Amino acid sequence: MDTVDFKRHKDVIGYFNKNYVSTEIFPRELGRRLGMLQQLREKSDYDDFYIASKTQAASQFDTAQMVLEMVTQYLEDKY
């Protein structure tokens, strides 16, 4: 297995989409949700007046759970 290293979050997401979403290992919906997580993280880090709603936070938590479940299942199946 080759080692990859990234300096930016967007590069990780791009790599994931190229190697796992576009090859249909993971569904496109997961790629879209990861992109949204990144956008909201940037807003919360850099927008002085950004406040996430409870609904947005819950949705992002659900996305994180989805990622963990799908990646865990993939790794269990593969290894």
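Along each chain, residue indices are assigned from 1 in the same order as the chain's sequence is written. The predicted origin of the model limits local features to residues at a pLDDT of at least 70 and limits the giving and counting of side-chain atom pairs to 80 or more, whereas totals for whole chains, interfaces and linings rest on all residues. With hydrogens and water excluded, all non-hydrogen atoms of the structure serve as input to the side-chain values.

A. Representation of the overall build of the chain within the structure. Secondary structure elements are taken from DSSP: a helix is a run of H or I of four residues or more, a strand is a run of E of two residues or more, and numbering for both begins at the N terminus. Regarding its fold elements, the chain presents three helices and zero strands. When the elements of the chain are put in sequence order from the N terminus, they spell out α-α-α. Its C-alpha atoms put the chain at 45 × 25 × 20 Å along the principal axes. Burial analysis of the chain (79 residues in total) assigns 16% to the buried set. Note on contacts: a residue pair is in contact if any heavy atoms of the two residues lie within 4.5 Å. If you take every contact in the chain between residues at least 6 apart in sequence, the share linking residues at least 24 apart comes to 49%. For every accessible area listed, the method is Shrake-Rupley and the probe measures 1.4 Å; residues are considered covered only by the protein chains on display. Carbon and sulfur atoms make up 55% of the accessible area of the chain, which totals about 6500 Å². Type-normalised accessible area, obtained with a 1.4 Å probe on protein chains alone, sets the label of each residue: buried when under 20%, exposed when over 50%, and partly exposed for intermediate values.

B. Region of interest: the pattern of salt bridges. By definition, a salt bridge exists where a carboxyl oxygen of Asp or Glu is found within 4 Å of a side-chain nitrogen of Lys or Arg. If you walk through the whole model with that rule in mind, you get four salt bridges. Asp-11 is the salt-bridge partner of Arg-8, the closest N and O atoms lying 3.0 Å from each other. Overall, Arg-8 belongs to the partly exposed group, its relative accessible area being 46%. Relative accessible area serves as the criterion here: at 27%, Asp-11 is assigned to the partly exposed category. Arg-33 is paired through a salt bridge with Glu-29; the nearest N and O atoms lie 3.0 Å apart. You can see Arg-33 and its partner Glu-29 sitting in helix H2 (residues 28-46), four residues apart, about one turn around the helix. When its relative accessible area of 37% is taken as the criterion, Glu-29 is described as partly exposed.

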